[in-house]
Amino acid sequence: MAEGTYEYECMRAELLGLSKPNEEEFLAQQKERLAHQTEELDDKTIEELEYQNDDLKNVSGGLDELNSILSITQKKLNRFKTACGSLTNLLKIKVGHSESTESIPMKDADEKNELDSSDSQTDSPPPEEEVLVLDGARKSDLAKALDKQANKLDSMIIRADNAQYSMAHQTKQMKAFLNGTFGRVDVNQIALKSTVSETCTKSSSSSASAPAASTSPRDPLDISFEDAKAAFKSKTTWELYRAYIVYTLCSFESLVEHNMKIMKIMRGILGDRLFTALMKATFYGHFVAGEDQYKIRPCLERLRSFGVKPILDYSVEEDLTQEEAEKREVEASVSEAGDEKVQGAMKQYHVDKTFADRRYKVQSARTYFYLNEAQCERNMEVFIRCLEAVAGATFGTGITAVKLTALGRPQLLLQLSEVIMRTRQYMSELDGGSGNVLGHHVKTQDLEKRFEQAHVLDQAPVKQFLQKVTSDKEGILHLFPWSGILDENHQLSDTFRVPDLKTGKMVRLITQLTTKEEEMFRNMIRRLNTICKLAQEMDVRIMIDAEQTYFQPAISRITLEMMRKHNREKTIVFNTYQCYLRAAFDEVKTDLEQAKRQDFYFGAKLVRGAYLDQERARAAALDYADPTNPDFEATTEMYHKTLSECLRRIKLLKDTGAEKKIGIMVASHNEDTVRFAIQKMKEIGISPEDKVICFGQLLAMCDYITFPLGQSGYSAYKYIPYGPVNEVLPYLSRRAHENKGVLKKIKKEKSSSINRRDIIHPCKQELRVQHRALNYMDPSRPSGSNGYDVQCR
């Protein structure tokens with residue numbers, strides 16, 4: 001007898017001693033319930049169709065752009081072949097056509113080219129999906145929507161097939177063209193620094209009749225970083241003048257101080273179109289790579305041609321007032337049950353309205369303010385699009401930056417951070433040491449002995465606690481099962497409890513979380529885990545940024561667990577360590593030790609830090625110990641000490657022949673620190689080819705460091721921001737403030753970029769050489785055209 005039938009309900013009523021239901025009423029209710037369920041299912045189906053429509057529009061736009069690019073490429077190929085005869089005469093090449101050489105007749109090829117061009121544009125993008133309106137003919141509308149979705153997918157498949165065919169055919173034409181025309185000419189002599197030139201070189205070197213291509217020698221590295229030509233030969237003359245203009249504007253303190261107000265006024269006066277053009281010609285064009293993942297491709301390609309790889313960051317920020325930011329932060333940092341302060345609570349890890357606007361005294365870091373869970377889901381999608389852009393443009397060498405405060409409620413990070421710090425306090429009470437739990441090297445028998453001394457070992461809660469404590473393979477206590485925070489069934493409130501040394505009773509280290517807040521925490525972990533899993537599948541690295549000290553213990557703990565899970569075969573996840581903190585060295589050392597014990601790859605980005613002034617002000621106002629180093633020299637010493645420890649461990653692995661499971665990014669604009677890292681690498685025998693140390697700077701800043709490193713064979717990265725002009729204004733504002741703060745460095749770049757003849761003249765010479773090469777490849781191109789400026793970089 002099936003559940004839910006009338007007979008089943010009658011039997012159930014009889015067993016429970018209830019009156020039997022009326023059959024007509026039961027059937028009517030059942031019919032109404034089924035109709036409601038069907039309606040809900042239809043609503044979900046339509047909602048899913050709308051989400052699919054959005055995704056299809058993005059894919060469709062990409063296919064259209066790809067087909068458009070292929071059409072333009074085909075036209076260029078036709079022009080190359082038209083100029084083939086004059087090119088042969090100019091270079092005095094004997095063109096030999098063996099009968100076995102595969103080629104395409106010019107006439108047939110041209111006819112096929114026209115066919116390819118028309119094929120790539122045959123299928124126009126489907127019209128935008130109209131909003132589905134439900135009426136009486138619900139089923140009919142739903143069926144039509146499904147049919148339209150299927151037709152749209154068919155159309156996209158056809159366009160994808162056309163694009164694939166066009167790409168294959170154009171590659172075949174290019175190979176035939178190179179084999180038949182250039183013969184034994186070394187294409188490297190006239191190659192441009194562009195994707196087309198790289199394709200030509202690869203095709204030429206793979207040809208049976210062409211000699212093996214010789215790799216161009218690396219530039220020697222001048223570690224004084226005074227080699228102006230190496231620093232700026234990647235720039236066009238216009239870019240050098242633009243840099244001069246930007247740096248000059250940054251030198252006016254009043255202009256920088258009120259830059260956001262000035263930009264808003266200008267946008268109101270000029271209108272969006274003129275304002276956008278002005279920003280692209282100045283600050284936006286200098287500091288931002290482009291508006292979306294397609295428009296940043298030329299920037300990424302050019303960086304790659306000079307040995308520099310990208311760290312992508314979608315730099316769109318909300319432009320909130322101070323009042324709005326404070327309101328959001330306070331609401332999102334307090335539990336629904338109130339800001340309960342249990343015994344032993346640490347005020348550092350509770351919100352204070354004075355510092356609720358986390359942008360206070362912070363110029364070089366982006367800030368996310370929690371709105372709701374839906375916004376966190378959108379942020380996750382943005383990070384995933386960054387991953388896709390990196391994977392598509394960098395062939396597994398790129399990195400995406402991620403902030404954990406973008407993925408969840410800050411209250412949860414505050415509470416988990418407090419748990420971690422109170423756990424450290426508890427361990428200090430047990431054995432008198434300090435620092436990370438692992439650093440105490442306490443074993444279970446040591447814990448039992450301490451409880452016995454406190455006369456609480458025989459109590460039942462203490463015995464249960466000892467049965468649950470976790471340790472590593474060497475028996476060193478972790479105290480709590482930290483890996484459990486990645487478990488969907490993990491309940492934070494039930495986990496973090498310890499015995500009181502005086503009474504033996506269990507004490508909670510975390511304030512009580514509601515069921516909803518427990519779910520929010522699992523959502524935050526799920527989002528980060530999704531990003532890490534996709535990064536692993538795409539072979540892209542992700543760097544989880546450091547944030548304020550009241551968030552950082554939780555961020556580091558979660559990041560380490562992600563490393564343990566995803567860094568099994570290579571370094572995918574990197575943590576960030578701020579060396580202006582007094583505890584930086586101990587934190588890195590302990591985490592290195594944990595990675596060694598648990599056998600996963602360790603990735604670290606070392607920075608000086610972005611929250612120094614705010615951390616000091618907050619510590620003074622709330623009366624807790626200042627977590628920062630006292631001065632710049634102490635921070636530099638901490639940075640070099642921490643880096644030296646990482647390098648020492650890498651050398652140990654290298655000397656023993658073990659797999660080098662440590663990867664470090666030296667993310668610094670300080671040339672002394674970069675110089676220290678390079679000299680230390682040479683001292684202990686770590687070469688750039690080991691690929692365990694890389695260097696990173698912001699786009700358009702410290703080019704005199706990044707580009708010489710990249711051209712000398714070191715792993716060099718640029719932090720690449722991108723996004724629409726009007727939505728990255730807060731980022732541009734921070735860049736202006738940051739440049740004001742490093743005026744001496746700006747003066748060095750400014751004098752290097754404009755006032756020195758040894759830069760401008762080599763740049764112009766470089767442009768002239770590339771211009772001649774371009775005219776050899778395509779005599780129909782007019783000199784000084786826009787294409788010239790784009791290609792000859």
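What you see is a predicted model; the values in this text were computed from it and never measured.

*Asks:* What exactly am I supposed to notice about the overall build of the protein chain here?
*Replies:* Looking only at helices and strands, the protein chain has 29 helices and ten strands in total. Within the protein chain, buried positions represent 50% of all 793 residues. Long-range contacts, defined as pairs at least 24 residues apart, comprise 76% of the intrachain contacts of the protein chain with a sequence gap of at least 6.

*Asks:* What is the right way to look at the confidence of the model for the protein chain in this model?
*Replies:* Do not read the fine detail of predicted coordinates wherever pLDDT is low. Taken residue by residue, the protein chain gives an average pLDDT of 77. The fraction at 70 or more is 70%. Below a pLDDT of 50 lies the segment residues 85–135, which in the model reaches 62 contacts outside its immediate sequence neighbourhood of four places, other chains included. Of the regions scoring below 50 in pLDDT, residues 753–793 engages in 71 contacts with residues more than four places distant in sequence or in other chains.

*Asks:* Sorry, what's going on with the pairing of strand 7 (residues 602–607) here?
*Replies:* Across a regular strand the side chains alternate sides, sitting on one face of the sheet and then on the other. Along strand 7, six of the six residues are buried, which leaves the element largely enclosed by surrounding structure. Alternating residues of strand 7 divide into Phe 602, Ala 604 and Leu 606 and Gly 603, Lys 605 and Val 607, and every residue in both groups is buried. Bridge count for strand 6 (residues 573–578) against strand 7 is four bridges, and the pairing is parallel. Across the sheet, the residue bridging to Tyr 577 is Leu 606, located in strand 7. The handedness of the strand 6 to strand 7 crossover, carried by helix 21 (residues 584–598), is right-handed. Of the strand pairs in this sheet, strand 7 and strand 8 (residues 662–667) are connected by five bridges, and their pairing is parallel. The residue bridging Leu 606 from the neighbouring strand is Val 666, located in strand 8.

*Asks:* Would you explain unusual backbone geometry in this entry?
*Replies:* Trans peptide bonds make up the majority, and among non-glycine residues the majority have a negative phi. Located in the positive-phi region is Phe 225, a residue other than glycine, with phi close to 55°. Positive phi values are uncommon outside glycine, yet Asp 599 reaches one of about 60°. With a relative accessible area of 41%, Asp 599 lands in the partly exposed category.

*Asks:* Mind showing me how you'd approach the sheet that holds strand 7 here?
*Replies:* What links the strands of a sheet is backbone hydrogen bonding, and the strands pair in either a parallel or an antiparallel sense. In space, the eight strands of this closed barrel follow the order 1-2-5-6-7-8-9-10, with parallel pairing throughout. When the angles between neighbouring strand axes are averaged without regard to direction, this sheet yields 30°. Bridge count for strand 8 against strand 9 (residues 693–698) is four bridges, and the pairing is parallel. In the strand pairing of strand 9, Ile 664 is matched with Ile 693. The strands that helix 24 (residues 671–684) touches are strand 8 and strand 9; relative to strand 9, the one it contacts most, it runs at about 170°. Sheet strands in contact with helix 25 (residues 703–711) are strand 1 (308–314), strand 9 and strand 10 (715–722), and its direction is about 130° off that of strand 10.

*Asks:* Any chance you could explain the packing of aromatic side chains here in plain terms?
*Replies:* Centre-to-centre distance and the angle between the planes together describe a pair of aromatic rings. One pass over the full model with this rule turns up ten aromatic pairs. For the ring pair Phe 355 and Tyr 360, a centre distance of 5.8 Å and an interplane angle of 65° mean the geometry is edge-to-face. The class of Phe 355 is buried, set by a relative accessible area of 7%. When the ring centre of Phe 585 is taken as origin, the NZ or CZ atom of Lys 641, which lies over that ring, is 4.3 Å away.

*Asks:* I keep staring at the pattern of salt bridges and nothing clicks. Help me out?
*Replies:* For side chains bearing opposite charge, pairing can occur when the charged atoms are close. Under the definition given, this model contains 35 salt bridges. Of the charged contacts in the structure, one is a salt bridge between Glu 329 and Arg 358, with a shortest N-O distance of 2.9 Å. In this pair, Glu 329 is assigned in helix 13 (residues 322–332) and Arg 358 in the loop between helix 13 and helix 14 (373–394), connecting sequence segments 29 residues apart. Assigned by exposure class, Glu 329 and Arg 358 land together as buried. Notably, a salt bridge pairs Asp 599 with Lys 661, separated by 2.6 Å at the nearest N-O pair. Taken together, the residues span a long stretch of sequence, with Asp 599 in the loop between helix 21 and strand 7 and Lys 661 in the loop between helix 23 (632–655) and strand 8 at a distance of 62 residues.

*Asks:* Before we go on, may I ask you to explain the environment of Thr 628 in this structure?
*Replies:* Structurally, the position occupied by Thr 628 is in the loop between helix 22 (612–622) and helix 23. In this structure the C-alpha to C-alpha distance between Thr 628 and Ala 583, which are 45 residues apart in sequence, comes to 8.4 Å. Among all residues touching Thr 628, those that are not within four sequence positions of it are Tyr 580, Leu 581, Arg 582, Leu 612, Glu 615 and Arg 616. Only 2.8 Å separates the side chain of Thr 628 from the side chain of Asp 626, close enough to count as a polar contact.

*Asks:* I'm lost on the packing of helix 16 (residues 444–453) against helix 17 (residues 460–468) in this one. Help?
*Replies:* Pairs of packed helices are described in terms of their axes, by the angle between the two and the distance that separates them. Two elements in contact, helix 16 and helix 17, have axes whose closest approach is 11 Å; the angle formed by their N-to-C orientations is 170°. With respect to helix 17, the element helix 16 is oriented roughly antiparallel. Contacts between helix 16 and helix 17 involve Leu 447, Glu 448 and Phe 451 from the former and Val 462, Phe 465 and Leu 466 from the latter. In terms of residue class, the contact of helix 16 with helix 17 is made up of five nonpolar, no polar and one charged.

*Asks:* How do you make sense of the pairing of strand 6 when you look at a structure like this?
*Replies:* Most of strand 6 is tucked away, with six of its six residues classed as buried. In strand 6, alternate side chains face the same way, and those of Val 573, Asn 575 and Tyr 577 on one face and Phe 574, Thr 576 and Gln 578 on the other are all buried. Sheet analysis places strand 5 (residues 541–544) next to strand 6, joined by three bridges and oriented parallel. The residue of strand 6 that forms the bridge with Ile 542 is Val 573.

*Asks:* Sorry, what's going on with the nonpolar core here?
*Replies:* What tends to happen in soluble globular proteins is that the nonpolar side chains get buried as a cluster. Counting 152 residues, the largest nonpolar core has Phe 451, Phe 496, Ile 664 and Phe 695 as its most contacted members. Here the element with the most residues in this core is helix 15 (residues 410–431); it accounts for ten residues. Excluding residues within four positions of it along the chain, Phe 496 makes contact with Leu 416, Val 419, Phe 480, Trp 482, Ile 485, Val 507, Arg 508, Leu 509 and Ile 510. Of all hydrophobic cores here, the second largest spans six residues; its members include Val 362, Ala 365, Leu 581 and Tyr 611.

*Asks:* Just to check I follow, could you spell out the environment of Glu 318 for this structure?
*Replies:* With respect to the helices, strands and loops of the structure, Glu 318 is situated in the loop between strand 1 and helix 13. A relative accessible area of 40% places Glu 318 in the partly exposed class. Taking the C-alpha atoms as reference points, Glu 318 and Val 728, 410 residues apart in sequence, are found 8.8 Å from one another. Contacts of Glu 318, omitting those with residues within four sequence positions, involve Arg 328, Phe 369 and Gln 375. Side chain to side chain, Glu 318 and Arg 328 meet in a polar contact 2.9 Å long.

*Asks:* What is the right way to look at a negative patch on the surface in this model?
*Replies:* A cluster of acidic residues, Glu 47, Glu 48, Glu 50, Asp 54, Asp 55, Glu 381 and Glu 388, forms a negative patch on the protein surface. Of all the secondary-structure elements, those providing two or more residues to the negative patch are helix 2 (23–82) and helix 14. Here the negative patch takes five residues from helix 2, the largest share from any one element. Inspection of the secondary structure puts Glu 47 in helix 2. Taking relative accessible area as the criterion, Glu 47 reaches 40% and is therefore assigned partly exposed.

*Asks:* For this particular structure, what's the right way to read the environment of Lys 533?
*Replies:* Its place among the elements puts Lys 533 in helix 19 (residues 515–538). Taking the C-alpha atoms as reference, Lys 533 lies 10.0 Å from Val 573; in sequence the two are 40 residues apart.

*Asks:* I would appreciate a short explanation of the packing of helix 15 against helix 19 in the present structure.
*Replies:* Close contact between helix 15 and helix 19 brings their axes to 10 Å; oriented N to C, the two are set at 90°. Taken as axis vectors, helix 15 and helix 19 run roughly perpendicular relative to one another. Contact with helix 15, carried on its side by Gln 411, Leu 412, Leu 413 and Leu 416, involves Glu 517, Met 520, Phe 521 and Met 524 of helix 19 and no other residues of that element. Looking at the contact of helix 15 with helix 19 residue by residue, the classes come out as six nonpolar, one polar and one charged.

*Asks:* Honestly, helix 17 in this entry has me stumped. Any pointers?
*Replies:* Turn by turn, an α-helix covers 3.6 residues, leaving residues three or four places apart pointing in a common direction. Within the sequence span of helix 17, burial applies to Val 462, Phe 465 and Leu 466. One side of helix 17 holds all its buried residues, which, seen down the axis, span an arc of 100°. Facing away from the buried surface of helix 17 by more than 90 degrees, the exposed residues are Gln 467 and Lys 468. Contacts made by the buried residues of helix 17 are with helix 16, strand 3 (497–499) and strand 4 (506–508).

What counts, and where the lines are drawn
Residues numbered from 1 in each chain as written. Predicted model: local features only at pLDDT ≥ 70, side-chain atom pairs only at ≥ 80, totals over all residues. Heavy atoms only, no water. Helix = DSSP H or I, 4+ residues; strand = E, 2+ residues; numbered from the N terminus. Buried < 20%, exposed > 50% of the residue type's maximum accessible area, 1.4 Å probe, protein only. Contact = heavy atoms within 4.5 Å. pLDDT = per-residue confidence, 0-100. Pairing = 2+ DSSP bridges. Right-handed = clockwise from strand over helix to strand, strands pointing away. Axes fitted to C-alpha atoms, helices over the stretch in contact; angles between N-to-C directions. Phe/Tyr/Trp six-rings, centres within 6.5 Å; stacked < 30°, edge-to-face > 60°. Lys NZ or Arg CZ within 6 Å of the ring centre and 35° of its normal. Salt bridge = Lys/Arg side-chain N within 4 Å of Asp/Glu carboxyl O. Polar contact = N/O pair within 3.5 Å; in protein donor to acceptor, adjacent residues only side chain to side chain. Parallel < 35°, antiparallel > 145°, perpendicular 65-115°, else oblique. Nonpolar A, V, L, I, M, F, W, Y, C, P; charged D, E, K, R; others polar. Core = buried A, V, L, I, M, F, W, Y, C linked by side-chain atoms within 4.5 Å. Patch = residues over 30% accessible without salt bridge, like charges linked within 9 Å, V, L, I, M, F, W, Y side chains within 5 Å. Areas by Shrake-Rupley, 256 points an atom, 1.4 Å probe, with all protein chains shown as cover. Lys, Arg positive; Asp, Glu negative; His and termini not counted. Charge placed at Lys NZ, Arg CZ, Asp CG, Glu CD. Arc of directions from axis to C-beta.

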